[in-house]
Amino acid sequence: FGKVVIPCASGSDSGSVDLQLSNLEDTEKCPSCLELTDSDISDIFGLPRESRTDSFRHLTHQGPLGQTTVEKLIEFIQEFFNGELKSELEKLTFLRSLSSLSRTLPYDETTESFIHSHTADIVHTLNMLVQEEPQRFLFSPVLQEVFVTIADLSYQDVHLLFGSEDRVDLFSLITKSIITLPSVKTLTHLQEIMPSGSYNSECLYRQTFQAFSEMLQSLVVKDPHLENLDNIFTHMDPWLQSIKDHERERAVASMTQVLKCLSRHLDLKLPLQFQRLGHLVALMALLCGDPLKEVAEEAAEGTHYLLHITLRLKYITQDTKNHRSLRRAMKTCQELELYNIKQFYSCPFKIAQVFEVFLNSNELCQFVMTTLDGLKNLKHPCTQQSAGELLITLVKNAESRFEKVPEIMGVICSQLSLISQPRVRHQVITTASLFISRPKYTDIVINHLLCHPVPYDRYLAEFWRTLEVELPSTTWILWRLLRKLQKCHNVPTQEKMAYVAVAATDALYEVFVGNRLRAATFRLFPQLLMTLLIQVHHSVGLTMSDVAIPRGLYTEQEVSSEVTPVCFAIQATKTLLLRTQCWQEFNIMEKHKGWTLLAGKDCHLQGISLLANALLERNHLLAHKVMYLLVPLLNRGNDKHKLTSAAFFVELLQSPLSRRLPSIYSVARLKDWLQHGNNLFKIVALKGLCYLIRHREMREDINSLLPCIVDLLCETDEKIVLLAIQILLQLVRTMDFPTLAAMMRTLFSLFGDVRPDVHHFSMTLFGACIKSVKHTDKKSIENQVLGSLVPLLLYTQDENYAIAEESRRVLTICAQFLKWKLPQEVYCKGPWYIQPSEVGTICKFFGKKCKGKVNILAQTLMFSKNAKLPIRRAAVLFVGLFSKYMDHNEVKMKGTDWIEDDLRDLLNDPEPSLRIIASQALFRVQKVEADPDPGQTVCGWRKLLRCLPT
């Protein structure tokens, strides 16, 4: 379709429009004259001040009609209503009769009564006439006459297109009937193959379209509330966005003439009904960048008139105090040379630059939404480019005046996949980056982005990776994203993990991969590292079914079973280390399977310790930053939060810098954890004490914790007991005697513990205790030492080599304490049952040195029930060989039945060697009871010799 010839309201104001600011300057000089009038605005845009009626073409009779003529016209119209007249000539006559009749409305009551009482019939008939016309052809002027008739009635305030549903349907129908006609070239070609009489198709089309345009203009000549403009735009909106060039051209040409007419007859009054200014401005702006030159030129002209309408509109709706900002905006118009329509055509982004100041928050949102819709235009890449430029310009200039940011972000996210051009996609991401970098919108944008499925698709991942943010805002954005994750850790443990926690973790990973926030990542490294490690702890053992996923989030796709919360946390932690150049720490974790440890349910804290030690060893500066960060945070959050922080913190206590920490942040905190109900906290606290005790100046504070530590020797958790022993070994020399004696009793109860290491190191600490006893306290502890001899002696036969060796060593310490010299046979490493003579030597030694041999036998018999066979054999062998050193007075008093009973029980033991040794021992015990006291036998012989004669 060729260039559309549109009748102008007046030919005198075509071309450039000068911006005259002289009136504004005069007003500024006079403070009392702040308010601008319509005449000022008209001067600025070069428009006449008086309201002028356009000389529209009318095909009806122009002069006044007599009463007889009016009655004949009404009669003819009624006949047509009754369906009696249907030829083309009769249709045209009917339409022209209505037009002629409309001219009499101002002075003829009969006409007024008839028109108003038959408005529904008129609308229905016009609807039928339009429907009867061919949809894809134009062979008669009926459609043209319909437009003229509607226009004539509109001038008399009889609106056939607004109000009821049938009127709205008529408007929609006539708009479609003209806009959807084929192009002029196609119409001309159709006339050649299908002659349609005397009408020239091209000429008929131009006249029809001109009538349509005049009809639309007639609707806004008297439109003080812009209600009619709103209705017109509603019907023209879809055609302005049509993918067909000729439809889009007709729509924009019509809209431009409507705006031009409205700007000339603007007489605005409140309340204004037009609430879609932002949408209209954006649509015209996109059309200014249309690939079709004719469309772009028409849109640029229409936008120029729209600017004039907007200015008047805003002066009416805004307070007087805002007029100064509008003055500045008009000066901007002058600076940008927007009096020249071509400026909009060549640079459509200037529209956003100028209109931004006039649009309120709701209209700004409309502008953005409409512009984003332009990104769907896959047919015309230039439209996508214009949309991208408009978005950036508007958001940059409007700054923080937007309200519906979540809705805007929703559209942006949904449109990213539709943008075919990388440059335009980058512009859209930049737009979103502008929103997220404004503190007012940061949380809003992040909240929206965290409501998308994870792992993020390639387009949202690209957004996080390519954030275009100015340096001052990078830390703020990363911090807010981090806080979203941290808040999930500060709530009590729930049934399911918050989805935000997983989404924020994945978002952090994508940010690290993109590395656009590198400086902020370094600055927030301690917080990022600890938060991610805490997230790892919370995620261990969970699947996505353990996450509270918002309903409907995964409507199009199911969550892969390979995707787990801990995977997101681990990959984010790995990427953080790499992006902060912690390559050696990363390598240590890889080499020692640290990531597997971190993700393990029972070994998570080992992974934490490995990473903490790696950081302390390879990057002490970062390690110290983490330590100072953790000091005030150790008691925050739930148990998993505290435990991860505590495990990392105690490893950093190895640093000499930990000596500078006040006791309240080190020893006092460790004391609290020692008394915690969770054994893991006790383990962490004991590890911390192990590190602090290396700093001699801190031992005095740690000594105050001795009662708590000694109590931990009775714990069932092996790690707790071993760590407690390790600490006590360092402090044993500084203990007071009551504590030392109490601890020795506890340690003695651990001899023979089923946990080999506990057995081993309890003896070690027992030996250290004996060495630490002061000379003045030796007598008080002698019985405890004597009581430990038999157990230590028997454990030299333990099948565990380390326990046997430690028993010999501690037994030697006990002998030294008692000032005894043990026989060398004690140190023989072979089993006793293959060398009974050496055991006999040992028994003889103990028989001479020890009193209360029955008690020794009783103590030894207890070991005959030991779970370990070597210990049982040694105990039974010792009982048999040691029994002959029993005091016969004790034998007479207590007997040996209790010994014999225990030994008889062993005769049924499944182990043959033990049965044999028990049998021998039983024989020896019985022999001891049967034999008289050797001392009494000697005395008897002496008496007998005295009685013999000499």
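Calculation rules
- Residues numbered from 1 in each chain as written.
- Predicted model: local features only at pLDDT ≥ 70, side-chain atom pairs only at ≥ 80, totals over all residues.
- Heavy atoms only, no water.
- Helix = DSSP H or I, 4+ residues; strand = E, 2+ residues; numbered from the N terminus.
- Buried < 20%, exposed > 50% of the residue type's maximum accessible area, 1.4 Å probe, protein only.
- Contact = heavy atoms within 4.5 Å.
- Expected span 1.5 Å × (residues − 1).
- Polar contact = N/O pair within 3.5 Å; in protein donor to acceptor, adjacent residues only side chain to side chain.
- Bend = angle between axes of the 7 residues up to and from the residue.
- Core = buried A, V, L, I, M, F, W, Y, C linked by side-chain atoms within 4.5 Å.
- Phe/Tyr/Trp six-rings, centres within 6.5 Å; stacked < 30°, edge-to-face > 60°.
- pLDDT = per-residue confidence, 0-100.
- Axes fitted to C-alpha atoms, helices over the stretch in contact; angles between N-to-C directions.
- Parallel < 35°, antiparallel > 145°, perpendicular 65-115°, else oblique.
- Left-handed = near helix turned anticlockwise from the far one by under 90°.
- Nonpolar A, V, L, I, M, F, W, Y, C, P; charged D, E, K, R; others polar.
- Salt bridge = Lys/Arg side-chain N within 4 Å of Asp/Glu carboxyl O.
- Patch = residues over 30% accessible without salt bridge, like charges linked within 9 Å, V, L, I, M, F, W, Y side chains within 5 Å.
- Areas by Shrake-Rupley, 256 points an atom, 1.4 Å probe, with all protein chains shown as cover.
- Lys, Arg positive; Asp, Glu negative; His and termini not counted.
- Charge placed at Lys NZ, Arg CZ, Asp CG, Glu CD.

In the annotation of an unreviewed UniProt entry, the entry for the chain reads Maestro heat like repeat family member 8, and the organism field reads Rhinolophus ferrumequinum.

Participant: Would you take a moment to explain the overall build of the chain for this structure?
Facilitator: Of regular secondary structure, the chain possesses 49 helices and 2 strands. Across the 950 residues that make up the chain, the buried fraction comes to 55%. Looking at the chain alone, contacts between residues at least 24 apart form 75% of all its contacts between residues at least 6 apart.

Participant: Any chance you could explain unusual backbone geometry here in plain terms?
Facilitator: Glycine aside, the phi torsion of most residues is negative, and most peptide linkages are trans. The amide bond that connects Leu270 to the next residue, Pro271, takes the cis arrangement and shows omega of 0 degrees. Mapped onto the fold, Pro271 is located in the loop between helix 12 (245-264) and helix 13 (277-288). A cis geometry characterises the amide bond from Val454 onward to Pro455, with omega recorded as -5 degrees. Relative to the helices and strands, Pro455 resides in the loop between helix 22 (439-449) and helix 23 (458-465). The backbone of Asp157 shows a phi angle near 65 degrees, a positive value even though the residue is not glycine. The class for Asp157 is partly exposed, based on a relative accessible area of 45%. In this model, Asn515 sits at a positive phi of 60 degrees, which is unusual for a non-glycine residue. On the basis of relative accessible area, Asn515 is assigned to the partly exposed category, the value being 22%.

Participant: How do you make sense of helix 18 (residues 361-373) when you look at a structure like this?
Facilitator: The terminal C-alpha atoms of helix 18 lie 19 Å apart, and with 13 residues this matches the ideal 18 Å at 1.5 Å per residue to within 8%. The buried count for helix 18 comes to 11 of 13 residues, which makes it a mostly enclosed element. Burial in helix 18 covers these residues: Ser361, Glu363, Leu364, Cys365, Gln366, Phe367, Val368, Met369, Thr370, Thr371 and Leu372. Two to three positions downstream of the cap, the backbone nitrogen of Asn362 sits 3.1 Å from a side-chain oxygen, assigning the N-cap of helix 18 to Asn360.

Participant: What's the story with helix 41 (residues 778-795) in this structure? I'm lost.
Facilitator: Side chains three or four residues apart in an α-helix point the same way, a direct result of the helix having 3.6 residues per turn. In a regular helix each residue adds 1.5 Å, so 18 residues correspond to 26 Å; helix 41 covers 24 Å between its end C-alpha atoms and thus fits that length. The largest bend in helix 41 is about 30 degrees, located at Leu789, with the proline Pro791 one to four residues further on. Those residues of helix 41 lying buried are Ile781, Val785, Ser788, Leu789, Val790, Pro791, Leu792, Leu793, Leu794 and Tyr795. Where the residues of helix 41 are buried, they touch helix 39 (737-749), helix 40 (756-772), helix 42 (801-818), helix 43 (836-849), helix 44 (853-862) and helix 45 (869-882).

Participant: Help me understand the nonpolar core in this model?
Facilitator: Generally speaking, a soluble globular protein has its nonpolar side chains buried in company with each other. Ranked by internal contacts, the top residues of the largest apolar core, which has 311 residues, are Phe402, Trp464, Phe648, Phe649, Trp673, Met743 and Phe846. Excluding residues that lie within four positions of it along the chain, Phe402 makes contacts with Leu364, Cys365, Val368, Leu394, Val395, Ile408, Phe435, Lys440 and Tyr441.

Participant: So what exactly am I meant to see when it comes to the packing of aromatic side chains here?
Facilitator: Describing an aromatic ring pair means giving the distance of the ring centres and the angle of the ring planes. The full count for this structure, using the stated rule, is 23 aromatic pairs. Ring geometry for Phe81 against Phe94: centres 5.9 Å apart, planes inclined by 70 degrees, an arrangement best described as edge-to-face. Of the two residues, Phe81 sits in helix 3 (residues 67-81) while Phe94 sits in helix 4 (residues 88-102), which places them 13 residues apart along the sequence. By relative accessible area, Phe94 is classed as buried at 0%. Each residue in the set Phe80, Phe81, Phe94 and Phe114 is aromatic and connected to the rest through ring pairs, giving one cluster.

Participant: Hey, could you run me through the confidence of the model for the chain in this one?
Facilitator: Detail in the predicted coordinates should be disregarded across regions flagged by low pLDDT. On average, residues of the chain carry a pLDDT of 83, and 86% of them reach 70 or more. Note that residues 1-61 has pLDDT below 50 and, in this model, 122 contacts with residues that lie over four places away or in other chains. In this model, residues 935-945 is a region of pLDDT below 50 whose contacts with residues beyond four sequence positions or in other chains number 2 contacts.

Participant: Got a minute to help me understand the environment of Leu280 in this structure?
Facilitator: When you line up the elements, Leu280 lands in helix 13. Overall, the relative accessible area of 0% leaves Leu280 in the buried class. For Leu280 and Phe367, which are 87 residues apart along the polypeptide, the C-alpha to C-alpha distance reads 7.8 Å. Among all residues touching Leu280, those that are not within four sequence positions of it are Phe233, Met255, Leu259, Phe274 and Leu306.

Participant: Which parts of the structure should I look at to understand the side chain of Thr431?
Facilitator: Along the chain, Thr431 turns up in helix 21 (residues 422-437). Beyond its immediate sequence surroundings of up to four residues, Thr431 is in contact with Leu391, Ile392 and Val395.

Participant: What is the right way to look at the environment of Arg327 in this model?
Facilitator: Considering the arrangement of structural elements, one finds Arg327 in helix 15 (residues 323-335). With relative accessibility at 2%, the residue Arg327 sits in the buried group. Measuring from C-alpha to C-alpha, the distance between Arg327 and Leu311 comes to 9.9 Å, with 16 residues separating the pair along the chain.

Participant: Can you help me understand the packing of helix 41 against helix 44 in this one?
Facilitator: A pair of packed helices is characterised by two quantities: the angle between their axes and the separation of those axes. For the pair helix 41 and helix 44, interaxial distance at closest approach is 10 Å and the crossing angle is 40 degrees. Compared by their axis directions, helix 41 and helix 44 come out oblique. For the element pair helix 41 and helix 44, the recorded crossing hand is right-handed. Where helix 41 approaches helix 44, its residues Gly787, Val790, Pro791 and Leu794 are matched on the opposing element by Ile856, Gln859 and Thr860. For the contact of helix 41 with helix 44, the class distribution of residues is 4 nonpolar, 3 polar and no charged.

Participant: Looking at this model, I keep getting lost on the pattern of salt bridges. Mind explaining?
Facilitator: Side chains that carry opposite charge are capable of pairing whenever their charged atoms lie near each other. In the structure shown here, the tally under the stated rule is 27 salt bridges. Here Glu468 makes a salt bridge to Arg516, at a shortest N to O gap of 2.7 Å. On the criterion of sequence distance, the pair formed by Glu468 in the loop between helix 23 and helix 24 (471-489) and Arg516 in the loop between helix 25 (499-514) and helix 26 (518-523) is long-range, its members being 48 residues apart. A relative accessible area of 29% places Glu468 in the partly exposed class. Each of Asp245, Arg248 and Asp290 takes part in a single network of salt bridges with overlapping partners.

Participant: Mind showing me how you'd approach a positive patch on the surface here?
Facilitator: On the surface, a cluster of positive charge is made up of Lys844, Lys848, Lys884, Arg924 and Lys927. Elements with a contribution of two residues or more to the positive patch: helix 43 and helix 48 (912-930). Within the secondary structure layout, Lys884 lies in the loop between helix 45 and helix 46 (888-894).

Participant: Would you explain the environment of Phe649 in this entry?
Facilitator: With respect to the helices, strands and loops of the structure, Phe649 is situated in helix 33 (residues 639-652). Counting along the chain gives 22 residues from Phe649 to Met627, while the straight-line C-alpha distance between them is 6.1 Å. Ignoring any residue separated from it by four or fewer positions in sequence, one finds Phe649 in contact with Met627, Leu630, Val631, Leu634, Leu661, Tyr665 and Trp673.

Participant: Even after reading the chapter, I still don't get the packing of helix 24 against helix 27 (residues 525-539), so can you show me in this structure?
Facilitator: Direction vectors running N to C along helix 24 and helix 27 enclose 35 degrees, while the axes themselves pass 10 Å from each other. The two elements helix 24 and helix 27 cross, and the hand of that crossing is left-handed. In contact with Leu478, Trp479, Leu482, Leu485, Gln486 and His489 of helix 24, helix 27 contributes Gln527, Leu528, Thr531, Leu532, Ile534, Gln535 and His538. Across the contact of helix 24 with helix 27, the residue classes break down as 7 nonpolar, 6 polar and no charged.

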